[in-house]
Amino acid sequence: MSAKIIDGKQIAADIREELTTEVAALKEKGIVPGLGVVLVGADPASQSYVTAKERACEKIGIYSDDNRLPAETSQEDLLALVNQMNNDPKINGILVQLPLPKHIDEAAVLLAIDPDKDVDGFHPMNVGKMMVGEEAFLPCTPNGILQMLMRSGVETSGAHVVVVGRSNIVGKPVANMLLQKKEGANATVTLCHTRTKDLSFHTRQADIIIAASGWPNTVTADMVKEGVVVIDVGVNRVEDASRERGYRLVGDVDFEAVKEKASMITPVPGGVGPMTITMLLYNTVVSAKRANGID
Ligand SMILES: Nc1nc(=O)c2c([nH]1)NC[C@@H]1CN(c3ccc(C(=O)N[C@@H](CCC(=O)O)C(=O)O)cc3)C=[N+]21
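Just so you know, these numbers come straight off a predicted model, no measurement behind them.

1. Section: the site of the ligand
For step 1, the next point in the chain: Around the ligand, 18 residues are found, and the nearest of them are Tyr49, Leu98, Pro269, Gly273 and Thr276.
For step 2, the next point in the chain: Those elements that place two or more of their residues in the shell around the ligand are α2 (44-60), β4 (93-96) and α10 (272-291).
For step 3, the next point in the chain: Tallying contributions element by element places α10 first for the shell around the ligand, with 4 residues.
For step 4, the next point in the chain: Broken down by class, the residue content of the shell around the ligand amounts to 12 nonpolar, 5 polar and 1 charged.
For step 5, the next point in the chain: Each of two domains, domain 1 (29-114) and domain 2 (140-273), supplies a minimum of three residues to the shell around the ligand.

Here is the structure:
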């Protein structure tokens, strides 16, 4: 039997509709949520993500301040811009697109963002709060994954979740969030990575697999049990001359084969990606409300 496809685009559209209503109500009170976006350099994938984020802001009524800086921008200049946004009352959220050029210390930049405007949830203050289960801005991709599971009726409580990939922006935080003692989490979590011995031993035990390795075909059909729920976080560009853009997007999972064994699976594109952007909008609206003493 073929898996039910979890439609990330549709779930994202549902949440964006809720947010649009909320933003309109804020506008009545004279409040316009604002997002400051910073992109350093001209990486094509980063450019397309940032453009998608700005378009999404515009669509739901969030003001976005677009800052595209040359790759040679100094760390000092970048920190000055972050500081300026920290002090700008029109800006409720700050997003510095990662990765940054090698000459810039990423950790120093993330640390410079006001934790109350850190809508990416990457500041160590928010990472720490998330870890201990305190209220914090939650990172967008992991939070999008939890929302997708919840809204698709997937039971995480007591489920064995196997996460593949230990990045700071997906693997580590999603593992942490799923083991929190709260609704929509309460999972038993195994976190696998490049040094894991016998990856398929682990993935075959999984009720839910979250693939965030950054490589196509990391998870193949022989590595999963019948009925597994598969969340594919990968966004890999593979050359494809038949496409207008010259490439197509594939995830980290062998979708066509795995979907024959899974009970539910997310596609790429149209899965986790649209959820990531939506949770960024969500955090920005929450931040604007907090800044104005609402909630
Ligand atoms: N500070 C920071 N915050 C991030 O949230 C962040 C980042 N840096 N660096 C890179 C990753 C990656 N990321 C994606 C966002 C949207 C899609 C997305 O919308 N993808 C569409 C397809 C987009 C396309 O066609 O290219 C989809 O999967 O359907 C994917 C990936 C955010 N990231």
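2. A short note on the packing of helix α6 (residues 140-151) against α10
For step 1, the next point in the chain: Interaxial distance between α6 and α10 falls to 8 Å at its minimum, and their mutual angle equals 110°. It follows from the interaxial angle that α6 and α10 lie roughly perpendicular. Only Val272, Met275, Thr276, Thr278, Met279, Leu280 and Asn283 of α10 make contact with α6, whose side of the interface consists of Cys140, Thr141, Asn143, Gly144, Ile145, Gln147 and Met148.
For step 2, the next point in the chain: Its residues assigned to classes, the contact of α6 with α10 comprises 7 nonpolar, 7 polar and no charged.

3. Digging into the sheet that holds strand β2 (residues 34-40)
For step 1, the next point in the chain: The 3 strands are arranged β3-β2-β4 in an open sheet whose pairing can be described as parallel. In the strand order of this sheet, the two ends are held by β3 (63-69) and β4, each with one partner. Adjacent strand axes in the sheet meet at a mean angle of 15°, parallel and antiparallel pairs treated alike.
For step 2, the next point in the chain: When β2 meets β4, the two strands line up parallel, connected through 4 bridges.

4. What to know about the UniProt feature "domain: Tetrahydrofolate dehydrogenase/cyclohydrolase NAD(P)-binding" (unreviewed entry) in the protein chain
For step 1, the next point in the chain: Annotation from UniProt places "domain: Tetrahydrofolate dehydrogenase/cyclohydrolase NAD(P)-binding" (unreviewed entry) at residues 139-291.
For step 2, the next point in the chain: Secondary structure across residues 139-291 divides into 33% helix and 18% strand, with the first and last C-alpha atoms of the span separated by 19 Å.

5. Topic: the sheet that holds strand β8 (residues 229-232)
For step 1, the next point in the chain: If you trace the 6 strands from one edge of the open sheet to the other, you get β1-β11-β8-β7-β5-β6, paired in parallel fashion. The sheet is open, and its two edges are formed by β1 (4-5) and β6 (188-192), each paired on a single side.
For step 2, the next point in the chain: In the sheet, strand β5 (residues 160-164) pairs with strand β7 (residues 208-211) via 4 bridges, with the strands oriented parallel. Across the sheet, the residue bridging to Val163 is Ile210, located in β7.
For step 3, the next point in the chain: Seen against the sheet, helix α7 (residues 171-179) touches β5, β6 and β7 and runs at an angle of roughly 170° to β6.

6. Examining the pairing of β8
In regular strands, side chains alternate between the two faces of the sheet.
For step 1, the next point in the chain: Judged by which residues are buried, β8 turns out to be covered on both faces: Val229 and Ile231 on one side and Val230 and Asp232 on the other are all buried.
For step 2, the next point in the chain: Pairing of β7 with β8 involves 4 bridges; the strand directions are parallel. Counterpart to Ala211 in the pairing with β8 is Asp232.
For step 3, the next point in the chain: Judged from the 2 bridges that link them, β8 and strand β11 (residues 264-265) form a sheet pairing that is parallel. By the bridge assignment for β11, Val229 is matched with Met264.

Calculation notes
- Residues numbered from 1 in each chain as written.
- Predicted model: local features only at pLDDT ≥ 70, side-chain atom pairs only at ≥ 80, totals over all residues.
- Near = placed C-beta within 6 Å.
- Helix = DSSP H or I, 4+ residues; strand = E, 2+ residues; numbered from the N terminus.
- Nonpolar A, V, L, I, M, F, W, Y, C, P; charged D, E, K, R; others polar.
- Domains from an automatic or database assignment.
- Axes fitted to C-alpha atoms, helices over the stretch in contact; angles between N-to-C directions.
- Parallel < 35°, antiparallel > 145°, perpendicular 65-115°, else oblique.
- Contact = placed C-beta atoms within 7 Å.
- Pairing = 2+ DSSP bridges.
- UniProt positions renumbered as here; feature names shortened; annotations may be inferred.
- Buried ≥ 20, exposed ≤ 12 C-beta atoms within 10 Å, placed from the backbone.

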